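A structural walkthrough
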Amino acid sequence: MEDEVKSAVKAFARTINSGSKVAVSDMSALIDVTSDLPLSSFDYWERLIRSEFSLALRETTPPKWKIWSKPKERLTWLDLVSWDGHKREKTLRTLSGAAPNTFFFSLAVRRLNDWVPQVRIAAREKLPEIARATDPEHVVEALCIALANWTSWGRIEDADKKVLFQMLCEESIAEAIRSKLISSPSGPMPSLFSQLGRTSVLDRYIEEIATLAIQPAVRAKAYRSLFEGRIAWIEGRKWEWTDIRYCARKLKPVVAERQIKVQTPLLDLLHNSAEDRSSIVRRVSAEVLIRELLNLGNSAKTLADKFASDKSFPVAERGLFAKKKLRELERANATE
């Protein structure tokens, strides 16, 4: 894969179109190879492409004494990772139209964490325009990667986050994200669900996600959000001293939350989650049962019996505890 990337980058550098400011022709090989890259290693691929493209351009630049053959400056999608901050900014402001694939849109999104402030400003201004022109699937994939990792981005600001959420609130993007959360069998979907809770874009879909999502952890998070009427996420991390004497410290997650307006009858949620095929979801349901014993009437005993006989030990343990608490309540009522 690495050799294919290097070859495609070199070929593109040799065939940059001279007829426009932004070269988009002869990118087919580059688009094909970057479409197959594992984006979990995005940092590595970005560094590799930056290095290879810079080297290839130097090798194909005519000698300085050939003044008449010196080409005009041409900006391409690959210039988004240029060593030159001025070129990265200029590229963002010059680009128009759709990103060729998820990889290239991710290159643009990552400029929100660029080390040059002017580049971040240009990204804020141009990203919504590029996103509207790009295939929603590419946009969603790129935003999912960004949202799953942005707590480690040291330079992203509130204004940059606002741009990302602005894109998420587009109807076509919100629908594509709902579909991805439901249909993805792997990946950081639980973390993505939490991060998306910063906005109300998913509120109307939470019940559907709780019922249909393939990943049990996503269904569990959705049910918990419905039970608690809120969505929590990791806002960032801060250092906390564990032992000042030895200058020992650790990074502690900073949790934030938002209330959601979706209201579903508690008993309906309990019965539905109690029938879930995953013990992860049933355990959440059993925890809520224990918390709400006094508010469920006769249904509490039915649910406690069901959980107590569950094949999963953590679920059964909670069911047995619920039954114990119900017996204590009955005895307390009988002595009054």
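Quick summary incoming for the structure in this document. Values in this document were obtained by computation on a predicted structure and should not be read as measured data. (Residues numbered from 1 in each chain as written. Predicted model: local features only at pLDDT ≥ 70, side-chain atom pairs only at ≥ 80, totals over all residues. Heavy atoms only, no water.)

Take helix 2 (residues 28-35) next. Residues of helix 2 that are buried include every one of Leu30, Val33 and Thr34, and no others. An end-on view of helix 2 places all buried positions within 95 degrees of arc, on one side of the element. Those residues of helix 2 that are exposed and aimed more than 90 degrees away from the buried face are Ser28 and Asp32. (Buried < 20%, exposed > 50% of the residue type's maximum accessible area, 1.4 Å probe, protein only. Helix = DSSP H or I, 4+ residues; strand = E, 2+ residues; numbered from the N terminus. Arc of directions from axis to C-beta.)

Attention shifts here to the side chain of Ser285. Along the chain, Ser285 turns up in helix 14 (residues 279-291). Within the structure, Ser285 has its side chain in polar contact with the side chain of Ser273 (distance 2.8 Å). Setting aside its immediate chain neighbours within four residues, Ser285 contacts Phe227, Leu270, Ser273, Ala274 and Phe307. (Polar contact = N/O pair within 3.5 Å; in protein donor to acceptor, adjacent residues only side chain to side chain. Contact = heavy atoms within 4.5 Å.)

Close contact between helix 12 (residues 216-228) and helix 14 brings their axes to 8 Å; oriented N to C, the two are set at 20 degrees. Classified by the angle their axes make, helix 12 and helix 14 are roughly parallel. Relative to helix 14, helix 12 is oriented so that their crossing is right-handed. Between helix 12, through Pro216, Arg219, Ala220, Tyr223, Arg224, Phe227 and Glu228, and helix 14, the contact on the second element is made entirely by Ile280, Val281, Val284, Ser285, Glu287, Val288 and Arg291. In terms of residue class, the contact of helix 12 with helix 14 is built from eight nonpolar, one polar and five charged. (Axes fitted to C-alpha atoms, helices over the stretch in contact; angles between N-to-C directions. Parallel < 35°, antiparallel > 145°, perpendicular 65-115°, else oblique. Left-handed = near helix turned anticlockwise from the far one by under 90°. Nonpolar A, V, L, I, M, F, W, Y, C, P; charged D, E, K, R; others polar.)

One finds Leu30, Phe105, Leu127, Leu181, Leu202, Ile209 and Leu289 to be the most contacted residues of the largest nonpolar core, which totals 96 residues. If you tally residues by element for this core, the top one is helix 7 (residues 136-149), at seven residues. (Core = buried A, V, L, I, M, F, W, Y, C linked by side-chain atoms within 4.5 Å.)

Centre distance and the angle of the planes are the two values used to describe a pair of aromatic rings. Evaluation of the coordinates by the stated rule reveals six aromatic pairs. With 4.8 Å between their ring centres and 25 degrees between their planes, Phe42 and Phe103 make a pair best called stacked. One end of the pair, Phe42, is in helix 3 (residues 42-60); the other, Phe103, is in helix 5 (residues 102-109), and 61 residues separate them in sequence. Considering the side-chain rings of Tyr44 and Trp45, the 5.0 Å spacing of their centres and the 70 degrees angle between planes classify their relative orientation as edge-to-face. Among the aromatic residues, those joined into a ring-pair cluster are Phe42, Trp77, Phe103 and Phe104. A cation sits over an aromatic face here: Arg178 above Tyr205, 5.7 Å from the ring centre. Above the plane of the ring of Trp239 lies Arg249, whose end atom (NZ or CZ) is 4.1 Å from the centre. (Phe/Tyr/Trp six-rings, centres within 6.5 Å; stacked < 30°, edge-to-face > 60°. Lys NZ or Arg CZ within 6 Å of the ring centre and 35° of its normal.)

Bringing helix 1 (residues 2-14) into the picture now. With 13 residues, helix 1 should cover 18 Å at 1.5 Å per step; its first-to-last C-alpha distance of 19 Å lies within 8% of that length. The set of residues buried in helix 1 consists of Val5, Ala8, Val9, Phe12 and Ala13. Mapping the buried residues of helix 1 onto a view down its axis gives an arc of 135 degrees, with all of them on the same face. For helix 1, the exposed residues set more than 90 degrees away from the buried face come down to Asp3 and Arg14. (Expected span 1.5 Å × (residues − 1).)

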